[in-house]
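Descriptive structure summary
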Amino acid sequence: MTVLSINNISKRFDDLIANDDVSLTLAKGEVLALLGENGAGKSTLMNILFGHYVADSGSISVFGETLPPGDTRAAIARGVGMVHQHFTLADNLSVIDNVMLGTESILRPFASRAAAAERLQALAERFGLQIDQNALVRFLSVGEKQRVEILKALYRGAKILILDEPTSVLTPQEVAQLFATLKQLVAEGLSIVFISHKLDEVLAIAHRIAVLRAGKLVFEGGTKDATKAALARAMIGRDVEALPSVVTSVQPERIDQPVLALESVSAHADDARLKLDGVSLDVRVGEIVAIAGVSGNGQSLLADVVFGVAHVEQGRVLLRGKALPLRARAMIVHGVARIPEDRQHVGSVSDLSVWENAILPRVNDARFSEWGVINSRASRAHASALVKSFDVRLASIEQPIRALSGGNIQKLILGRELSEAPTLIIAAQPTWGLDVGAVSFIHSQLRNATARGTAVLLISEDLDEVFALADRIAVMSKGRLSQARAASEWTMESIGLAMAGEVDARSREHRAA
Amino acid sequence: MNELLSLLVDSSFWVAVLRIATPLIFGTLGVLLCERAGVLNLGIEGIMVAGAFIGWLTVHSGAGLWGGVLAAAFVGGLLGALHALLVVRLPLSQHVAGLGITLFATSLSYFAYRVLFPKVDSPPKIEAFSEMSWLPIPVLAEQTPLTLLAVLLVPAIWYVLYRTPLGLALRAVGESPHAVEAQGIDVVRLRSGPVIAGSALMGVAGSFLTLAAFNSFFFNMVNGRGWICVALVVFASWRPGKALIGALLFAFFDAAQLRLQQAGGGLLPYQLYLMLPYVLSIVALVLVARKAAYPQALMKPYVKGTR
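The following refers to the structure shown. Every value quoted in this text rests on a predicted model; they were computed, and no experiment measured them.

**Concerning the overall build of chain B**
Counting secondary structure elements, chain B contains 12 helices and zero strands. Going from N to C terminus, chain B has its helices and strands arranged as α-α-α-α-α-α-α-α-α-α-α-α. Taking 2.2 N^0.38 as the reference for a compact globule, 307 residues should give roughly 19 Å; the C-alpha atoms of chain B span a radius of gyration of 20 Å, in line with that estimate. Burial statistics for chain B: of 307 residues in total, 53% are counted as buried. Considering only contacts within chain B whose residues lie at least 6 apart along the sequence, 78% involve residues at least 24 apart.

What follows is the structure, encoded as structure tokens:
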């Protein structure tokens, strides 16, 4: 039985064709995976279904009835529930308040909280989604927030559940738990659209797979008929190049002192809830040390500390054995390259041109300015050289950098930093949200840098990336950092436990033994 | 010290406290409604002037006192609708639009007053609200009905905010408009409503000055009370009960400085006494507001379909 059919949906945003004549169906009790790169149009399609956007043409019907376009309430009323990638929860309200929001007529003079609480409890028990109803949402973990979102949809009587990139913020254990929940939901007769760009997950959970590329439906078929290679080819439109092998012939000169050493560093973020608690770590010449962890456990703060933009309360940060004044200026002068997490707002200045951005961290350098006046010819030449050698696709270096795609901005930032032959690179989420081509380019550039003797501190939430690149891995959880151990000593399971904060107990045992 | 103690047992002192607090209670509740919905309303100072003027003008032209209060609420609501149009629908900078409304409403009121009463030396008086001597409650019996209304509004607004679906939606839209949008509730309407209602309360706050406190309209009569309300909301952590306490506390300091000024004679320059409530408010604000949990989406314009 078909519960949902999407018929010939097209949607344009100015010049960008987000959806181009997409048709899909979903059967009762089925998990349909919607696969595609970032920007392929998956989220747009689902936002049209949910009434956040209005399609230019085409229609959507649910249980045989056509949905009025642009009407979220109608979609909810017909049994469509959506778990957004960025949760739509109000942080300072309780779980039950968030669940009840919008479920009662806004003109009712009173709210039936007791009845609502009872119903929510029953749902939670039935689907094994335990949650403290009166807790404020901001005190919940990411996995718990997702549970609240799923409960919210079920509470509204959802029969069709859309999950937008649900695993991107979860530990491997939480992913396994989510999959168990989804299987139970399907067994109870719900239908699920699972949006993802991760092939393994899709093959593990979906009955059927649809692939979107540049707004077009390019593949549709049962999971049994699909292979990883075929799906990857469908997603990016060509074969994925294997990563160039690491250049191991250039053995960096081994020195005893680490390039970067943190000695029980403690720090607070502006937001007092987040802190670093006695973090120790070292990064040696020519190695990549990765910090894994679920977002919001202090990794960004750690990056800020080493960038010299966050205040250290206790402990020392040593660069080649010397304690430096922790200021961004000093770090740049001493050869620390930074690839910030937020490439649009921290890594670059959106409204400045590409060439201005290319020299920005070193604008006071004698190469680019004299007596406080920018040498624009030398600066433009430098920018042009970077654009060429790092394959940045653009119309002109005079363009404001915001006109570039995320991948091209990141390539420019990477080129800007790597061309200075840094002693240390701190890369925070360097490939977040980029397409496969840009990811493999950035990975190979980072590896090449280590082959030339640069030390890399990689901060990433993407475990595939961590395992692909890192020599040693440490895991961050609630502001504490585990010991860095060789990548081969970690398994998906042990890293997942550490991400969930189980590492404390274990390392204490370790010390006791 | 003795003067201070004798103050506390003097019922006329507490009568003064409650009278001074009344416009602050209305105004603070008004700001609270706006900010809970995520909108800063710096138009309050001007809306209070307009409320004071229109309320007085309506009564002066022959309408009843409650008619004056309603007219003030209506004009306040109208200015609130203008603010909502500017900052919620368009959406412009909340600071600029709010200050603009204050300048506009203040100047327009003064202008209209001058045009309508070009040749008066002393401001024309009206018959103001009388005390509720029928009420068997000591201090409250010496207040006007507007004070009773202000005090009763506190539990009423608390109930709406915390016990109704509307209040839940209102609190949510000030925390995360995306959460509200995802439920298919119109964010623009949900934010505009509280801004209009809150601004109507600000208008009533102004009308208290002309219809209950001073029984005439004159320039600079609002005298920064609106700005005090904006600070009191932070002091109150956006909670109606604490807003009442904050307004009473400020009024306590203000009434105390008036008495101390008289009692202290020429001992200290009177400006020091005048300064007292403001200084103490700043101290209280610093102590309390350091931990203040602002509505997360306060001053963040919401445009549908963006993040």
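**Here's the deal with the overall build of chain A**
For chain A, the helix and strand inventory stands at 17 helices and 23 strands. Along the longest, intermediate and shortest principal axes, the C-alpha atoms of chain A span 70 × 60 × 50 Å. For chain A, the distance from the average position of its 54 positive side-chain charges to the average position of its 58 negative side-chain charges is 1 Å.

**Considerations on the state of the cysteines**
Note on terminology: a disulfide is the covalent bond linking the sulfur atoms of two cysteines. Residues and elements named next belong to chain B. Under the criterion given, the structure shown has zero disulfides over all chains. Note on cysteine 34: no disulfide assigned, nearest cysteine sulfur contributed by cysteine 229 at a separation of 11 Å. On the basis of relative accessibility, which here comes to 0%, the residue cysteine 34 falls in the buried class. With a relative accessible area of 0%, cysteine 229 lands in the buried category.

**Quick notes on the sheet that holds strand E14 (residues 312-319) of chain A**
Residue and element names in this part refer to chain A. The four strands lie next to each other as E12-E11-E14-E15, forming an open sheet whose pairing is antiparallel. At either end of the open sheet lies a strand with only one pairing partner, and these are strand E12 (275-283) and strand E15 (322-323). Helix H9 (residues 299-307) rests against strand E11 (260-268), E12 and E14 of the sheet, and its axis sits at about 120 degrees to E11.

**As for the pattern of salt bridges**
Residues and elements named next belong to chain A. Here the structure, examined in full by the defined rule, presents 25 salt bridges over all chains. One salt bridge connects aspartate 391 with arginine 393, and the closest N-O pair in it is separated by 3.2 Å. Overlapping salt bridges bring together Arg362, Asp365, Arg367, Arg416, Glu417 and Glu420 as one network.

**Focus on the nonpolar core**
By size, the foremost hydrophobic cluster in this structure holds 143 residues, and its most contacted members are A:Ile150, A:Leu182, A:Leu185, A:Ile192, A:Ile209 and B:Phe217. For A:Ile192, the contacting residues outside a window of four places in its chain are A:Leu26, A:Glu30, A:Val31, A:Leu32, A:Leu161, A:Leu163, A:Leu182, A:Leu185 and A:Val186. Core analysis: the next-biggest nonpolar cluster, separate from the first, contains 46 residues, A:Ile359, A:Leu434, A:Leu458 and A:Ala498 among them.

**Some thoughts on the interface of chain B and chain A**
Every contact between the two is made by 25 residues of chain B and, on the other side, 27 residues of chain A. Counting the surface lost from both chain B and chain A, the interface buries some 2200 Å², and carbon and sulfur atoms represent 62% of this. It is B:Pro165, B:Leu168 and B:Gln183 in chain B that bury the most area against chain A; as a group they hold 28% of the surface buried on that side. Our count for the chain B to chain A interface comes out at one salt bridge. A:Asp97 is paired through a salt bridge with B:Arg171; the nearest N and O atoms lie 3.5 Å apart. Where chain B packs against chain A, one counts five residue pairs in polar contact (both at pLDDT 80 or more). Among the secondary structure elements, those contributing two or more residues to the side of chain B that touches chain A are helix H6 (145-163), helix H7 (165-175) and helix H8 (177-182) of chain B. Sorting elements by how many residues they give to the side of chain B that touches chain A places H7(B) first, with seven residues. In the side of chain B that touches chain A, the residues fall into 12 nonpolar, seven polar and six charged.

**A closer look at the packing of H6(B) against H7(B)**
All names here are of chain B. Packing of H6 against H7 brings their axes to within 5 Å, and their N-to-C directions diverge by 80 degrees. Classed by the angle they form, the pair H6 and H7 counts as roughly perpendicular. Seen from H6, the contacting residues are Val160, Leu161, Tyr162 and Arg163; seen from H7, they are Pro165, Gly167, Leu168, Leu170 and Arg171. Tallied by class, the residues present in the contact of H6 with H7 amount to six nonpolar, one polar and two charged.

Definitions and cut-offs
Residues numbered from 1 in each chain as written. Chains lettered and ligands numbered in written order. Predicted model: local features only at pLDDT ≥ 70, side-chain atom pairs only at ≥ 80, totals over all residues. Heavy atoms only, no water. Helix = DSSP H or I, 4+ residues; strand = E, 2+ residues; numbered from the N terminus. Rg over C-alpha atoms; globule rule 2.2 N^0.38 Å. Buried < 20%, exposed > 50% of the residue type's maximum accessible area, 1.4 Å probe, protein only. Contact = heavy atoms within 4.5 Å. Lys, Arg positive; Asp, Glu negative; His and termini not counted. Charge placed at Lys NZ, Arg CZ, Asp CG, Glu CD. Disulfide = S-S within 2.5 Å. Pairing = 2+ DSSP bridges. Axes fitted to C-alpha atoms, helices over the stretch in contact; angles between N-to-C directions. Salt bridge = Lys/Arg side-chain N within 4 Å of Asp/Glu carboxyl O. Core = buried A, V, L, I, M, F, W, Y, C linked by side-chain atoms within 4.5 Å. Buried area = accessible area lost by both parts, 1.4 Å probe. Polar contact = N/O pair within 3.5 Å; in protein donor to acceptor, adjacent residues only side chain to side chain. Nonpolar A, V, L, I, M, F, W, Y, C, P; charged D, E, K, R; others polar. Parallel < 35°, antiparallel > 145°, perpendicular 65-115°, else oblique.

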